[in-house]
Amino acid sequence: MMSDQPLIGQPISRLEGHLKVTGTAKYAGEYNVPGLLYGYVINSTITKGKISSINTKIAKALPGVIEVFTHENRPSLAWFDMQYSDMDAPPGSPFRPLHTADIKYNGQPIALVVAETFELARYAASCVEIKYTEEPFSTDLKENIDKARAPQPGLATFLKPLPPKPKGDFEKAYNDSFAKASGEFYHGTEHHNPLELFSTTTIYEGQGKLTIYDKTQGTINSQLYVGNIFGLHFKDVRVIAPYVGGGFGSGLRPQYQLFLSVMAALELKRPVRVTLERNQMYTFGHRPPTIQNTRFGADANGKITALNHSAIAETSQFEDYTEVVVNWSNMLYPAENTLMEYKLVPLDVYSPLDMRAPGGSTGSHAIESTMDELAYKLNIDPIELRLINYAETDTSVGRPYSSKELRQCFIQGAEKFGWSNRNPEPRSMRRGNKLVGYGMATGIWESMQLPARAEAILTKEGKLLVSSAVTDIGTGTLTVMTQIAADELGLPLADVTFSYGDSKMPFAPIQGGSFTVSTVGSAIKAAGKALRKKLFKKAKDIKNSPLKGTDLEDVVFKNGDIISKNNPALRVSFQDILALNKGAIKTTNTSLPKAFKLKKYSRAAHSAAFVEVEVDEQLGVVTVTRSLTAVAAGNIINPKTARSQILGGMVWGISKALREETITDYKLGKYMNQNLAEYHIPVHADLHDMDVIFVEEKDEIINELGSKGVGEIGIVGMPPAIANAIFHATGKRINQFPIHFDSLL
Amino acid sequence: MNNFNYTKAQNVEEAISLIRATEGSQFVAGGTNLIDLLKYNITQVDALVDVNHIAGYHTIEENQENGLRLGALVTNADTAYHPLIEERYPVLSKAILAGASAQIRNMATNGGNLLQRTRCYYFYDVHTPCNKREPGSGCSAIKGYNRIMAIMGTSESCIAVFPSDMCVALAALDAVVHISGPEGERSLAFADFHRLPGDTPYLDNNLEYGEIITSIDLPAKGFSTNYSYLKLRDRSSYAFALVSVATGLELEGDLIKVARIALGGLAHKPWRVKEAEDFLRDKTPTVENFAVAADIILQGAKVYQYNSFKVELAKRAIIRNGIMALHPESQLPGAQPSA
């Protein structure tokens, strides 16, 4: 079974795949216990104001209705903002469900009906009479740009830095430049829409103890949140999320169904499940609408001399949600004169929330479409323009890259895509009555690493158990972590079990930002390494050990044996060690990013996206007929799951450029298409030939695995590549997403 | 969703008497739209009368006028894939398959397809004014986000669009709707079945309370040689039409003898304009002639803030679909429109 090849780098299928496709995998809303109660949330139907009265009498009188919780009868809870905070909380004052009669946004949860069945709870909810006093509100970013102001810094800006300071004299350099390109870009609100509905099942265990099945991207994040707000010992709060049906950022913060489920379970001392309906998934967190302006200037050789990128984004009235929109262009293009600005407009909406490649997928559209425009102004091929301005170091902060094989992405991507077949003239290529366009764009996403812990145990039977509290949001975390652990101890996959998604396991941060492999993978590797060391020591401690006098560097771990490299006859088996040890052997280890070393480098994954579109000349209908993304993301642990990540990102790129939008009625201050029939994400008929290349990239700095993470990079380059291809096909540059086909009539 | 009674009717007479026994009750067949409306609390019923088990309406058969009779309880999927429909009324097959999803078409019935409600965002949001849902409360769409709304036959009280694809083809085919009711049986020409909103937008059609659709007759003329259905929408499948066109042509030599052009996505009912079809008679099927017909059809269009594109889009769609009808073999399932 065991080959000599390491498991890292093998395209291993998801270990839990069969459970998911057969419906056997259980999600947070599927844990049934006797006596389970069902909560149904009532949401505000006004956008701003106060609840003047809330009458629950009729609802409460219905047989089978247990309680209706509102701001009037909720239990007394934690006082301070900080206690409502979480690992992804922006600076400000976190929203508190059922806190007061104040309404801050449309869809705000204002009551929880708890009943013996879901259907009864839902019906009872329609019997609750609520009267409001309405106040004027603003939800339209475009109408309120005069209110733009700088964001307040906070803990969140550690991972999401505010724009770098201006360099040189942008205005002068831009005015003096040989070629200029500029644009205004608008992106509307988008919602994450994971397939799994948000749900929490809280099981009241007695004596202040809770077991909570939660849809989340961070079990410990939910555990700390619940402990802080409800004044429980952390050890008494166990949060489990074994399977997560998609997150995309929506589970990075504890959502209100968790709060309401726990509150009801504690008050009623019974198990309570709260599942949100699809339309309620539009009442927390979204990608914020953003207006961007760019001005790029270049000399006659195509060298970019001046970069200006400004963004104005929406936030809520209670938190300053920020994302990195404008920091990227100078990381990619080493201009001497830069001006990057990022401002917020607080509106009467819920706080925005990280959504796949937050900021990056927004900013890249403006940057890469402006680059495309500049290429036309200069009459230089778009790839050539990027090579002329290739940043060997990150000039935005003056640091080298830990590794950067973007050039290879351009070369290999262009070759496989057939970029050389492109006639640079817009509207010059066609098939029948379809205009054909080729477009490309660069993608970039920062590679971060956070601290994490992991445990590794060699059981009496010689099996390896590793664990971490991290979730698997469908990305392949279980499989990848199993591969890493197996390689560290030289065991076949079948002998390794990775346990995860449980807050009682060793600490892991929230799962997002493409940092799970580098963060948790490093912790697993460290725990494995520690176990390796321990086993080797025990092997040497055996009486007359064949490995006496050997160093750890001089042995290999293979198939349950520790073998001398110099003389393979000299070996000690795990069984020999375990026989003497009388029990399992266990290590727990913490992996901390090597902050001092890492600080000297900029660390990022890169990509080059290539797209072919067909645009119906008369009808405007756009089809993305071919797309290819070449990715440089360091060591790829599992090419199969990584490819799925990139493909998923590319599909989302098609969605962002051409399909999805949360339609807002600003007069009502609410979202109008809160369902999957009217919120358009791509269907199979929208997807055609798609391909992924991973270029080889060695990175000895970033972490011991040399891996950068691939969760976001797949989406970053696609939307501008599509917009650029549409320009090439039609000669029309549409800077508002999604590009409706009727804008091409 | 409120509690309601549920009964199964064994025959049409029983179904009608059950409906009349409880005021505020409704028939349910496939339920693909009605169940959503109940769950969203847009529609409240005191009783549902399940008509799925009524015998005699689950078949597609020849009628006495050399056409076909579609049982009201035949599913949309079974209709679309029925050999006689594919052979003699391919535009109907194509229109059905352009709508909804495979799963929904497997459940949805022919009778129910005629009775689906609009997909107007405001109709579906019970917390916004809507004259169709709550008469007299006002229309949120007229000054709201009206990209998907109507441009033909609108009124001050409603600009909603009827969403069916199947009905666009049925309109083009001059289908006849057979109805049973407390007063006996009657028939309505397809053009007379659906209503314009006027000042009664809560009435989608001319069915009286207690009446039930039993079958739909297709006349002999099926346009199986020259036909096309073109649907333009915000994604390639599972999205409602912004504009759709069903075209059937009967050619004699180089000349059009009969032209049928019905449009979806433009109005509160499938849209046909007799003058445009008359204009095309004895004309050659050219871009220029279809363009004139398109201009005639779109005369009197009234646009709103976000849907003015529909006028030009509809015109281009009419022209393209006319040309496509000359080459129906180019219309593979799911294919994008071609030359």
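Bear in mind that the values here come from a model prediction, so they are computed numbers and not experimental data. Each chain carries its own residue numbering, running from 1 in the direction its sequence is written. Key to labels: chains lettered from A, ligands numbered from 1, both in the order written. Only residues with pLDDT of at least 70 are given local features in this predicted model, and only at 80 or more are side-chain atom pairs given and counted; all residues enter the totals for whole chains, interfaces and linings.

**Description of the overall build of chain B**
- Secondary structure follows DSSP: runs of H or I at least 4 residues long count as helices, runs of E at least 2 residues long count as strands, and numbering of each begins at the N terminus. Within chain B one finds 13 helices and twelve strands.
- Across its three principal axes, chain B shows a C-alpha extent of roughly 60 × 50 × 35 Å.
- Exposure in this text rests on C-beta crowding, where 20 or more other C-beta atoms within 10 Å of a residue's own make it buried, 12 or fewer make it exposed, and counts in between make it partly exposed. The C-beta atoms are placed from the backbone. For chain B, with 339 residues in total, the buried portion stands at 51%.
- Our contact criterion uses C-beta atoms placed from the backbone: two residues qualify when those atoms are within 7 Å. Residue pairs at least 24 apart in sequence account for 64% of intrachain contacts in chain B once pairs closer than 6 positions are excluded.

**Observations regarding the overall build of chain A**
- In terms of helices and strands, chain A carries 17 helices and 31 strands.
- C-alpha atoms define the radius of gyration, and 2.2 Å times the number of residues to the power 0.38 defines the globule rule. For chain A, the C-alpha radius of gyration of 27 Å lies close to 27 Å, the compact-globule estimate for 745 residues.
- Out of the 745 residues in chain A, the part that is buried amounts to 58%.
- Considering only contacts in chain A between residues 6 or more positions apart, those separated by 24 or more positions represent 83%.

**Details of the domain arrangement of chain A**
Residue and element names in this part refer to chain A.
- Each domain's limits were defined by an automated method or a database of domain assignments. Under the domain assignment used here, chain A contains domain 1 (17-23 + 450-592), domain 2 (31-136 + 194-247 + 251-282) and domain 3 (144-190 + 287-448 + 599-744).
- With centres defined by C-alpha atoms, the gap from domain 1 to domain 2 works out at 39 Å.
- With 15 residues of domain 1 in contact, the opposing surface of domain 2 contributes 19 residues.
- Three residue categories are used. Nonpolar comprises Ala, Val, Leu, Ile, Met, Phe, Trp, Tyr, Cys and Pro, charged comprises Asp, Glu, Lys and Arg, and polar comprises the others, including Gly. Class assignment for the residues of the side of domain 1 that touches domain 2 results in six nonpolar, six polar and three charged.

**Notes on the pairing of strand S26 (residues 604-616) of chain A**
Residue and element names in this part refer to chain A.
- Counting buried positions over the 13 residues of S26 gives 13, a clear majority of the element.
- Paired strands, as defined in this entry, are two strands with at least two bridges between them according to DSSP. Judged from the 13 bridges that link them, strand S18 (residues 434-446) and S26 form a sheet pairing that is antiparallel. If you follow Ile444 over to S26, its bridge partner there is His606.
- Examined bridge by bridge, S26 and strand S27 (residues 622-632) share ten bridges and lie antiparallel to one another. Its bridge partner lying in S27, Ser607 is registered against Val631.
- Hairpin connection from S26 to S27: five residues lie between these consecutive antiparallel strands, with Gly620 at a positive phi of about 80°.

**A closer look at the interface of chain A and chain B**
- Each partner contributes residues to the interface: chain A has 27 residues there, and chain B has 29 residues.
- Per element, the largest residue contribution to the side of chain A that touches chain B is three residues, and it comes from helix H3 (residues 118-126) of chain A.
- Classifying every residue of the side of chain A that touches chain B gives ten nonpolar, nine polar and eight charged.

**Description of the nonpolar core**
- We define a nonpolar core as a collection of buried residues of the types Ala, Val, Leu, Ile, Met, Phe, Trp, Tyr and Cys that are connected via C-beta atoms lying within 7 Å of each other. Counting residues in each nonpolar core, the largest one holds 317 residues, and the members touching the most others are Val113, Ala485, Val631 and Ile722 of chain A together with Ala169 of chain B.
- No other element matches the nine residues that helix H12 (residues 516-541) of chain A contributes to this core.
- Apart from residues lying up to four places away in sequence, Ala169 of chain B is in contact with Val91, Leu92, Ala95, Tyr229 and Ala246 of chain B.
- By size, the runner-up hydrophobic cluster in this structure holds six residues, among which are Leu252, Leu353, Met355 and Ile510 of chain A.

**A closer look at the confidence of the model for chain B**
- A residue's pLDDT is simply how confident the predictor is in it, with values from 0 to 100. Confidence in the prediction of chain B, expressed as mean pLDDT, is 96, and 97% of residues score 70 or more.
- Per the prediction output, this complex has pTM 0.97; the corresponding ipTM is 0.96.

**Overview of helix H6 (residues 256-268) of chain A**
Residues and elements named next belong to chain A.
- When the terminal C-alpha atoms of H6 are compared, their 18 Å separation across 13 residues agrees well with the 18 Å that a helix rising 1.5 Å per residue should span.
- Extensive coverage of H6 is indicated by the burial of ten of its 13 residues.
- All of the buried residues along H6 are Tyr256, Gln257, Leu258, Phe259, Leu260, Ser261, Val262, Met263, Ala264 and Ala265.
- Directly after H6, the chain includes Lys269, whose backbone phi takes a positive value near 50°. Each residue after the first adds 1.5 Å to the expected span of a helix.

**What about the domain arrangement of chain B?**
- Each assigned domain of chain B is listed here: domain 1 (5-53) and domain 2 (226-329).
- Spacing between the C-alpha centres of domain 1 of chain B and domain 2 of chain B amounts to 36 Å.

**Comments concerning the packing of helix H15 (residues 639-658) of chain A against helix H17 (residues 718-730) of chain A**
Residue and element names in this part refer to chain A.
- At a minimum axis distance of 8 Å, the contact between H15 and H17 shows a crossing angle of 55°. One way to sum up the angle between H15 and H17 is to call them oblique. Note that H15 runs across H17; the crossing there is right-handed. Facing H15, whose interface residues are Met650, Gly653, Ile654, Lys656, Ala657 and Leu658, H17 presents Met718, Pro719, Ile722 and Ala723.
- Here the residues of the contact of H15 with H17 sort into eight nonpolar, one polar and one charged. Axes here refer to lines fitted to C-alpha atoms; in helices the fit is confined to the stretch in contact. Angles between the N-to-C directions go from 0 to 180 degrees. If an angle is under 35 degrees, it is roughly parallel; if it is over 145, roughly antiparallel; if it lies from 65 to 115, roughly perpendicular; otherwise it is oblique. Crossing handedness is read from the near helix: turned anticlockwise from the far helix by less than a right angle, it gives a left-handed crossing, and turned clockwise, a right-handed one.

**Quick word on the sheet that holds strand S23 (residues 561-564) of chain A**
Residues and elements named next belong to chain A.
- Reading across from one edge, S22-S23-S24 is the order of the three strands in this open sheet, with antiparallel pairing throughout. A single partner strand is all that each edge strand has here, and the edge strands are strand S22 (555-558) and strand S24 (571-573). Strand-to-strand twist across the sheet, computed as the mean angle between neighbouring axes with direction ignored, equals 15°.
- Alignment of S22 against S23, held across four bridges, turns out to be antiparallel. What sits directly across from Lys558, in S23, is Asp561.

**Thoughts on the pairing of strand S12 (residues 290-298) of chain A**
All names here are of chain A.
- Burial of S12 is extensive: seven of the nine residues sit out of reach of the surface.
- With nine bridges joining them, strand S7 (residues 179-187) and S12 adopt antiparallel strand pairing. Across the sheet, residue Ala179 finds its bridge partner in S12, namely Ala298.
- In this sheet, strand S13 (residues 304-315) lies alongside S12 in antiparallel orientation, the contact comprising nine bridges. Note on S13: the bridge partner recorded for Thr290 is Ala313.

**Side note on unusual backbone geometry**
- Here Phe737 of chain A and Pro738 of chain A are connected by a cis peptide whose omega angle stands at -10°.
- Looking at the element boundaries, Pro738 of chain A is found in the segment after strand S31 (736-737).
- In this structure, Ser514 of chain A takes a positive phi of about 60° despite not being glycine.
- In this fold, Ser514 of chain A is placed in the loop between strand S21 (496-499) and H12.
- For Asn66 of chain B, which is not glycine, the phi torsion reads 65° and is therefore positive.

**Topic: the UniProt feature "domain: FAD-binding PCMH-type" (unreviewed entry) in chain B**
- UniProt positions are given in the numbering used here, feature names are shortened, and annotations may be inferred rather than shown by experiment. UniProt's feature table lists "domain: FAD-binding PCMH-type" (unreviewed entry) at residues 1-223 of chain B, given in the numbering used throughout.
- Across residues 1-223 of chain B one finds 27% helix and 17% strand; the C-alpha atoms that close the span lie 44 Å apart.

**Focus: the environment of Pro164 of chain A**
All names here are of chain A.
- Residue position: Pro164 is located in the loop between strand S6 (129-134) and helix H4 (170-176).
- For Pro164, a count of 16 C-beta atoms within 10 Å puts it in the partly exposed group.
- Separated by 178 residues in sequence, Pro164 and Tyr342 place their C-alpha atoms 10 Å apart.
- Among all residues touching Pro164, those that are not within four sequence positions of it are Asn327, Asn330, Met340, Ser396 and Val397.

**Some words on the packing of helix H5 (residues 219-230) of chain A against H6 of chain A**
All names here are of chain A.
- Closest axis-to-axis distance for the H5/H6 pair is 11 Å, and the angle between their directions is 50°. With respect to H6, the axis of H5 lies oblique. Along this stretch, H5 crosses H6, giving a crossing that reads as right-handed. In this structure, H5 contributes Ser222, Val226, Ile229 and Phe230 to the contact, and H6 contributes Leu258, Phe259, Val262 and Leu266.
- Across the contact of H5 with H6, the residue classes break down as seven nonpolar, one polar and no charged.

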